[in-house]
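Given next are the chains, with one letter for each unit.
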Amino acid sequence: MRDKTLLFINGDAPKSFPDLNNYSLIACTDGAFHYLKRMGFPLDKLDFISGDFDSHCGSDENVYQEKFILTLDQDKTDFHKALEIILDRGSSEVDVFGGSGGEQDHFLGNLTVAFAFKDRMNIKFYDEFSEYYFIPNNFILKGVKNKMISLYPFPSADHITTTGLNWPLTNGNLSITSRIGTRNFAVEDEVTVQYESGNLLFFVGINEIEYPKIY
């Protein structure tokens, strides 16, 4: 089993759970604990639950109290504090569920936290529509033909060249204030992205699309 962490945070609850056997560490924030309990998640599989626990009461909270890690720093989000704990436990590869949905300032905040950790951790977000993560300057992904692909500058990326996309870039620039690369799609099984500077957030749709739309 790879040294990989599964982390649930307090956005939209996932529709289903990944294979827990693929993870050496499983954790959640205290807000996510509520939906995991409602969904029948095997709470005994959790290695820790982090947060300020101001809304916790009931039998499950008492049973699993030994797994609680109290984090009261109001200058950091629960997601940020959970990532610090995961790093301290020696894990740097994290799959995150519950990062999107709900209040959109939380979603933007989660992306900003992931950006702050991107040089120390490989963080992938998953929701019912796509998976998304920051990519290195030379990136290859296979098995994506007919899937939606978006390149989102954070806040800019320069001299980008792509292959395998319906609307390719050749030495192009993207910026949050002028041009972004969303709602593209893969016409080949393999997509490559190269860029010289800046940062790119890469989205790949979960399902294949038949009639791509231009936005």
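All values derive from a computational prediction rather than experimental measurement. (Residues numbered from 1 in each chain as written. Predicted model: local features only at pLDDT ≥ 70, side-chain atom pairs only at ≥ 80, totals over all residues. Heavy atoms only, no water.)

**Student:** Just give me the short version of unusual backbone geometry, but keep the residues and values in it.
**Tutor:** Omega for the peptide link from Phe154 to Pro155 comes to -5°, which places this bond in the cis form. Mapping Pro155 onto the fold places it in strand β9 (residues 147-163). The phi dihedral of Asn146 falls on the positive side, at around 70°, and the residue is not glycine. Mapped onto the fold, Asn146 is located in the loop between β8 (138-142) and β9. (Helix = DSSP H or I, 4+ residues; strand = E, 2+ residues; numbered from the N terminus.)

**Student:** Now, about the pattern of salt bridges: what can you tell me, with residues and values included?
**Tutor:** On inspection of all chains with the given rule, the structure shows 5 salt bridges. Among the ionic pairs, Glu84 bridges to Lys76, the shortest N-O distance being 2.7 Å. Classification of Lys76 by relative accessible area gives partly exposed; the value is 30%. Put simply, Lys142 and Glu190 hold a salt bridge, and the shortest N to O gap is 3.8 Å. Placement of Lys142 in strand β8 and of Glu190 in strand β12 (residues 190-194) is noted, with a sequence separation of 48 residues between them. Exposure remark for Glu190: the relative accessible area of 33% places this residue in the partly exposed category. (Salt bridge = Lys/Arg side-chain N within 4 Å of Asp/Glu carboxyl O. Buried < 20%, exposed > 50% of the residue type's maximum accessible area, 1.4 Å probe, protein only.)

**Student:** Now, about the side chain of Lys4: what can you tell me, with residues and values included?
**Tutor:** In this fold, Lys4 is placed in the segment before β1 (5-8). Among the polar contacts listed, one links the side chain of Lys4 to the side chain of Asp95, at a separation of 3.4 Å. (Polar contact = N/O pair within 3.5 Å; in protein donor to acceptor, adjacent residues only side chain to side chain.)

**Student:** Give me the lowdown on the environment of Ser16, citing residues and values where you can.
**Tutor:** Locating Ser16 in the fold gives a position in the loop between β1 and β2 (25-29). Exposure remark for Ser16: the relative accessible area of 51% places this residue in the exposed category. C-alpha of Ser16 to C-alpha of Glu84: the two residues are 68 residues apart in sequence and 26 Å apart in space.

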